[in-house]
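Now for the letters of each chain:
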Amino acid sequence: MEASKIQCKFSRRIWFLQQWTAPLVFTLLFAFVIPLIQSLDYSEALSKSLLYFEAQRSGRLPYNQRATWRHHSGLTDGLDQGVDLVGGYYDAGDNVKFQLPMAFTITMLSWGVIEYGEDIAAAGEYRYALEAIKWGTDYFVKAHTHPNVLWVQVGEGDTDHYCWQRPEDMTTSRRAHKIDEDHPGSDVAGETAAALAAASIVFRRTNPHYSHLLLVHAEQLFEFGDKFRGKYDASVGAAKGYYPSLSGYKDELLWAAMWLYKATDKSHYLNYALQNAQSFGGTTWAISEFSWDVKYAGLQLLASMLPRQGKEEKEHNKILEEYRSKGEHYVCACMNQSNNTNVHRTPGGLLYIRQWNNMQYVSNAAFLLMLYSDHLRVTNRMARCERRPVGPEEIFAFAKSQVDYILGLNPRGMSYLVGYGPKYPRRVHHRGASVDSYKKRKSFISCTQGYDNWYGRKNPNPNTLFGALVGGPDNKDRFNDHRRNYMQTEACTYNTAPLVGLFAKLHGLERGTDMEDPTLFSAK
């Protein structure tokens, strides 16, 4: 009987140790041991990720364009409405300009430069990172034609999807859509304000006049979005089937206020984020995903990393702690240390949210986890998860394992970053990349001709979409490299945007940071 009790206690201790150590061993294995077998070049990955944004450009391309298979496109955008909407980015493999995901792309690019600008410069990519951001912000300034008017879409998803054409040959509708006082869109106004505010921090020292211009537009857009509230997809029906704002607009308003506080240090923006924290869901929603639509996790972690106020601001600190608690819920769910809401993982260890374009959630999660691990390390703290505390080293190791999976340390041995490594997707669902380049074949390719002659080809794409992060494998790590398989083979700008900072950070840790010019970098 006594021996049985001892054996039972021993078994319980073994189980307890397994619960604590197994996840750490797994993440450390993927982050540090397996990479010794296959070396990864984060500098190359960083360079190619920035090259991708040049391939997504709309408008008149500059003389130093490096994605040389692309040419000018969309040169009459906005003409029918009497506005200049030339420029910006195509969101993915089609030829429509959607403002909500485009703005989120610029917010994440800017955040990466704010946090890891020194590492980006050490890799010799700082200039290209700023060019990628400015291509977006230049367009946002154009699209904001009046304090209470923002043009939020150019092109029609429905007609665009009927055609398989290079952007240089577009014959589909280029109708432009706007939000205004009578047709509000607080979500897209808020995200654009956040993007402009974050970018203003990036340009603060290198281009102070431009930084100020971005802030003026950011503050106007935030005031517009807050005063005339409503979901943009209720005002712009053409967006509903492609980028609907399922989370509503309250997360974007809080998100924008927080970025404006960081950019201006004006207390009324912080007060807005604190006073509306509960009613807008900032301190009540516990979310396990972060994306172009759902900003709560990013907002909560951004708020949790703000310096605490003095003792006289006790109520402020209390609300910031509530933000931290909800932000750590996201971290803990990713780390498999929440009781009921853990994010699923594939057998190979990849975070898995949903079937369509899962990699967007992976790259965003890896970025937030990396950033928060830095914060925990500097503050000498641990994340307080339901199952057990999780330290910065473990969080860092897991974030790195997600990046390394993307680059080829996975069951298929495939890089999901196009153009990186010996094995990567060759048939990306992308109109421009899948058709002979304009420079090679200047003759017009019609709407149906593209489908007939190019879309169904089994051959690899003639143009490599370097740096594109495709949708990625399914929940069993399976991947079908075919143009028709758009859920897995289409890439989006907001997939790659968080990777810029991540690749720079990991390259910096590997090589040691050696800045090009330490005076370039903006204060956080």
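Residues numbered from 1 in each chain as written. Predicted model: local features only at pLDDT ≥ 70, side-chain atom pairs only at ≥ 80, totals over all residues. Heavy atoms only, no water.

- Going by an unreviewed UniProt entry, the protein carries the name Endoglucanase and comes from Datura stramonium.
- Listed in UniProt under the heading Sequence similarities (unreviewed entry), the comment for the protein reads: "Belongs to the glycosyl hydrolase 9 (cellulase E) family."
- According to the UniProt record, the Catalytic activity (unreviewed entry) comment for the protein is "Endohydrolysis of (1->4)-beta-D-glucosidic linkages in cellulose, lichenin and cereal beta-D-glucans." (UniProt positions renumbered as here; feature names shortened; annotations may be inferred.)

### A short note on the packing of helix α12 (residues 296-304) against helix α13 (residues 314-334)
Stage number 1. Where α12 contacts α13, the two axes come as close as 8 Å, and the packing angle between them is 130°. As judged from the angle between their axes, α12 and α13 are oblique. Crossing angle aside, the handedness with which α12 passes α13 is left-handed. The residues of α13 that touch α12, namely those facing Ala297, Leu299, Gln300, Leu301, Ala303 and Ser304, are Leu320, Tyr323, Arg324, Lys326, Gly327, Glu328, Tyr330 and Val331.
Stage number 2. When grouped by side-chain class, the residues that make up the contact of α12 with α13 number eight nonpolar, three polar and three charged. (Axes fitted to C-alpha atoms, helices over the stretch in contact; angles between N-to-C directions. Helix = DSSP H or I, 4+ residues; strand = E, 2+ residues; numbered from the N terminus. Parallel < 35°, antiparallel > 145°, perpendicular 65-115°, else oblique. Left-handed = near helix turned anticlockwise from the far one by under 90°. Contact = heavy atoms within 4.5 Å. Nonpolar A, V, L, I, M, F, W, Y, C, P; charged D, E, K, R; others polar.)

### Things to note about the environment of Arg166
Stage number 1. With respect to the helices and strands, Arg166 occurs in the loop between α5 (157-161) and β3 (176-179).
Stage number 2. Its relative accessible area of 1% is what places Arg166 among the buried residues.
Stage number 3. It is 9.1 Å that separates the C-alpha atoms of Arg166 and Ser446, two residues lying 280 residues apart in sequence.
Stage number 4. With residues up to four places along the chain from it excluded, the contact list for Arg166 reads Asn95, Gly432, Val435, Asp436, Ser437, Tyr438, Arg441, Lys442, Ser443 and Ile445.
Stage number 5. Only 2.8 Å separates the side chain of Arg166 from the backbone oxygen of Arg441, close enough to count as a polar contact. (Buried < 20%, exposed > 50% of the residue type's maximum accessible area, 1.4 Å probe, protein only. Polar contact = N/O pair within 3.5 Å; in protein donor to acceptor, adjacent residues only side chain to side chain.)

### Looking at the state of the cysteines
Stage number 1. Enumeration over the complete set of coordinates arrives at two disulfides.
Stage number 2. A sulfur-sulfur separation of 1.9 Å characterises the disulfide bridge that pairs Cys163 with Cys447. Around the S-S axis, the bridge from Cys163 to Cys447 shows a dihedral of about -95° and counts as left-handed. Taken together, the residues Cys163 in the loop between α5 and β3 and Cys447 in helix α17 (residues 447-455) connect sequence positions 284 residues apart.
Stage number 3. Given the relative accessible area of 8%, Cys163 is considered buried.
Stage number 4. Between the sulfur atoms of Cys332 and its disulfide partner Cys385 the distance amounts to 2.0 Å. On the S-S bond that ties Cys332 to Cys385, the torsion sits near -85°, and the link is left-handed. Within this pair, whereas Cys332 is found in helix α13, its partner Cys385 is found in the loop between β6 (383-384) and β7 (389-390), the two being separated by 53 residues in sequence. Assigned by exposure class, Cys332 and Cys385 land together as buried.
Stage number 5. Note on Cys334: no disulfide assigned, nearest cysteine sulfur contributed by Cys332 at a separation of 9.3 Å. (Disulfide = S-S within 2.5 Å.)

### Side note on the pattern of salt bridges
Stage number 1. Evaluated as defined, the whole model comprises 28 salt bridges.
Stage number 2. In this structure, the salt-bridge partner of Lys318 is Glu322, at a minimum N-O distance of 2.9 Å. A residue pair is termed a helical-turn pair when its members lie 3 or 4 positions apart in one helix, as Lys318 and Glu322 do in helix α13 at four residues.
Stage number 3. We classify Lys318 as partly exposed; its relative accessible area is 44%.
Stage number 4. Its salt-bridge partner being Asp374, residue Arg377 comes within 3.0 Å of it at the nearest N-O pair. (Salt bridge = Lys/Arg side-chain N within 4 Å of Asp/Glu carboxyl O.)

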